Amino acid sequence: MTLKEKYQQYEEKMKAAEVAGGEERIAKQHKAGKLTARERVLALLDPGTFVELDKLVVHRCTDFGMDENKIPGDGIVTGYGKIDGRLVYVFAQDFTVFGGSLSRTNADKIIKLQKMAMRMGAPIIGLNDSGGARIQEGVQSLAGYGDIFYHNVLSSGVIPQISVILGPCAGGAVYSPAITDFIFMSKKNSYMFVTGPDVIKAVTHEEVTMEELGGATTHNATSGVAHFMGESDEDTLMMVRELLSFIPSNNLADPPVQPCVDDINRESEKLQFLIPDDPNKPYDMKEIILETVDNHYFFEVQPYYATNMIIGFARYGGRSVGIVANQPNNLAGVLDINSSVKAARFVRFCDAFNIPIITFVDVPGFLPGTIQEYGGIIRHGAKLMYAYAEATVPKITIITRKAYGGAYIVMASKHLAADINLAYPSAEIAVMGPEGAANIIYKGKIKTEEERQRAIENYRNTFANPYKAAELGYLDDIILPKYTRMKIIQSLEMLQNKVKNAPPKKHGNIPL
Ligand code: HXC
């Protein structure tokens, strides 16, 4: 072979890898409103930064005529590139090749990337669009999945792992995304389930569509499996870039700091009168968040799920923070199973990746009822308590109004080692609300409605304020709402060199 022929051979092989499943299948993918694997990688990364690995890898299966059917790359595009100039690893399943199904060699490509991402301390992003286990390969494919899951677990808490679902993701395949830190889904074409509609119909006689069972809306609003929903492939990938701008590349790095153009001493008169006089009237906690963060910009996580709890990322003075907040606008901001678990996982993410946690509290307590008790609110509520107590990152808490009972303790109280605890003058910190408390304390002693009202008022005057807690040092300060931004930034600056280590142990035993 001449040198020229060798170069030609090289070109042909590269072209074959790029065309992958062929023009017809690419057209089908586009017709469905989906990008191809390669287009997705390019849309995700900074222009011109993608470096592909294992482009010529092929499967080693010989059964079912597969030895006659080999496509370079074997249905997955892997490599590295940059997002906002920072190194990331990325793999994208190519639905045009055997439906993006996972072969043994396909898994090996992902695992190679997982190991590199760990060694280099860089995030790994998986773009999923796959018919699941490569049926022709049997247990080899299952082994591949298992090995990916194992490396997902090893990487957990070391590097950020992000899953983007842009097509089918079914069967056991869902468990790699499930272990990763964040799951993004595109609104129209993505779905995740352990068993599909046909199996469900056969076993339980339920009839359900793929969309209802495991579409983006289902997992973002109902199951809480997913964290973000994009309108299209492109939109979803842009959200991934945005998320990365808030988080560090690994557990030994600090989150990126951005130049802050928003006045760090900015006061907000709007906040002074946001909280209604009537303690039973709702208000929107997001307004407090938006009024205080840099450029009024809040990147909310799981905005459609357990909406009595708000979680998400923002910046104060250019520094990334994780925000956890009760939402009085929904279920009065009560703590229940879903909101506890939602916040607990977020707190643990922030703690693993050195992101300070700001907690805004307005919580009337835990949601009463058999549904909650039978569902295990005891152990689920304990998750949030555990997560806050375990977290060693800077923890700043602002009580805006109610902080009652166990929920007061759980929501990053001083007793769970929060660093700075602040409250507005409108705060009410007590074992329970004045009505319930008066009914119990004065049980049998109250004869008239007038006496009852007096008892309630008495309890309210004694405890439904922040001053008892401040006298005991459980609050570091009481602040006017308009100074919230300044106070948070001041506290973050004071806490930036915080050193706190957990006692040595293999690992704790969070009540899962
Ligand atoms: C091999 C597969 C495949 C698979 C799809 N293909 N899934 N090849 N293994 N798992 C191939 C098809 O043969 C077809 O090849 C091409 O991909 C596109 O598939 P279509 O069916 O034409 O596409 P579409 O109509 O869009 O349907 C997509 C689909 C369907 C819903 C995903 O293909 C499907 O149901 N596939 C099987 C899913 C499944 O049961 N997987 C195993 C699950 S168990 P051609 O050559 O015609 O283009 C599992 C266990 C994992 O995954 C456990 C991990 C622990």
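The preceding data block contains the structure.
Since the structure is predicted, the reported quantities are computational estimates derived from the model, not experimental observations.

1. Quick word on the pairing of strand 15 (residues 420–423)
Piece 1. Burial along strand 15 is two-sided: I420 and L422 facing one way and N421 and A423 facing the other are all buried.
Piece 2. Where strand 14 (residues 395–404) meets strand 15, four bridges bridge the pair, whose relative direction is parallel. Residue pairing for strand 15: I398 is matched across the bridge by L422.
Piece 3. Since strand 14 and strand 15 lie parallel, the crossover through helix 16 (residues 405–410) that links them has a hand, and here it is right-handed.
Piece 4. The sheet contact formed by strand 15 and strand 17 (residues 477–478) spans two bridges and is parallel. Counted as the bridge partner of L422 is D477 from strand 17.

2. Thoughts on the sheet that holds strand 7 (residues 182–186)
Piece 1. Strand order in the open sheet formed by seven strands is 1-2-3-4-5-7-9, with mixed pairing between adjacent strands. Each edge of the sheet is formed by a strand with only one pairing partner; in this case those strands are strand 1 (51–53) and strand 9 (228–230). Taken over all neighbouring pairs, the strand axes of this sheet differ in orientation by 20° on average, direction set aside.
Piece 2. Here strand 1 runs beside strand 2 (residues 76–83); their pairing, made up of three bridges, is antiparallel. Paired with E52 across the bridge in strand 2 is G79.
Piece 3. Helix 4 (residues 104–120) rests against strand 1, strand 2, strand 3 (86–93) and strand 4 (124–128) of the sheet, and its axis sits at about 170° to strand 3.

3. Considering a nonpolar patch on the surface
Piece 1. Together, V431, M432 and I440 line one region of the surface with nonpolar side chains, adding up to about 290 Å² of accessible area.
Piece 2. Mapped onto the elements of the fold, V431 is located in the loop between strand 16 (428–430) and helix 17 (434–441).

4. Here we look at the site of the ligand
Piece 1. Lining the immediate environment of the ligand, one finds 18 residues, of which R25, G99, G131, A133 and I135 sit closest.
Piece 2. Here an oxygen atom of the ligand and a side-chain polar atom of R25 are 2.8 Å apart.
Piece 3. Within the contact set of the ligand, a nitrogen atom lies 2.8 Å away from a backbone nitrogen or oxygen of A133.
Piece 4. Across the complex, the protein chains shield 53% of the 1,000 Å² of accessible surface that the ligand would expose by itself.
Piece 5. Of all elements in the fold, only helix 2 (23–31) and helix 5 (139–155) reach the threshold of two or more residues within the shell around the ligand.
Piece 6. With three residues, the top contributor of residues to the shell around the ligand is helix 5.
Piece 7. Per-class residue counts for the shell around the ligand are nine nonpolar, six polar and three charged.

5. Some remarks on the nonpolar core
Piece 1. Grouped together as the largest cluster of nonpolar side chains are 60 residues, with contacts concentrated most on I125, F313, V324 and L384.
Piece 2. It is helix 13 (residues 337–352) that provides the largest number of residues to this core, a total of six residues.

6. What to know about the packing of helix 4 against helix 5
Piece 1. Between helix 4 and helix 5, the least distance of the axes is 8 Å, while the angle of their chain directions is 10°. Looking at the two axes, helix 4 sits roughly parallel to helix 5. Seen from helix 4, the contacting residues are R104, A107, I110, I111, Q114, K115 and M118; seen from helix 5, they are Q140, A143, G144, D147, I148, H151, N152, L154 and S155.

7. A look at the pattern of salt bridges
Piece 1. Throughout the structure, instances matching the rule amount to 27 salt bridges.
Piece 2. As a salt-bridge pair, R241 and D46 come within 2.9 Å of each other at their nearest N and O atoms. With a gap of 195 residues between them, R241 in helix 10 (residues 233–244) and D46 in the loop between helix 3 (37–44) and strand 1 connect regions that are remote in the sequence. For the residue pair R241 and D46, the accessibility class agrees, reading buried in each case.
Piece 3. A salt bridge links D262 to R266; its shortest N-O distance comes to 2.8 Å.

Thresholds, definitions, all that
- Residues numbered from 1 in each chain as written.
- Predicted model: local features only at pLDDT ≥ 70, side-chain atom pairs only at ≥ 80, totals over all residues.
- Heavy atoms only, no water.
- Buried < 20%, exposed > 50% of the residue type's maximum accessible area, 1.4 Å probe, protein only.
- Helix = DSSP H or I, 4+ residues; strand = E, 2+ residues; numbered from the N terminus.
- Pairing = 2+ DSSP bridges.
- Right-handed = clockwise from strand over helix to strand, strands pointing away.
- Axes fitted to C-alpha atoms, helices over the stretch in contact; angles between N-to-C directions.
- Contact = heavy atoms within 4.5 Å.
- Patch = residues over 30% accessible without salt bridge, like charges linked within 9 Å, V, L, I, M, F, W, Y side chains within 5 Å.
- Areas by Shrake-Rupley, 256 points an atom, 1.4 Å probe, with all protein chains shown as cover.
- Salt bridge = Lys/Arg side-chain N within 4 Å of Asp/Glu carboxyl O.
- Near = heavy atom within 4 Å.
- Polar contact = N/O pair within 3.5 Å; in protein donor to acceptor, adjacent residues only side chain to side chain.
- Nonpolar A, V, L, I, M, F, W, Y, C, P; charged D, E, K, R; others polar.
- Core = buried A, V, L, I, M, F, W, Y, C linked by side-chain atoms within 4.5 Å.
- Parallel < 35°, antiparallel > 145°, perpendicular 65-115°, else oblique.

Keep in mind these values describe shape, not function.
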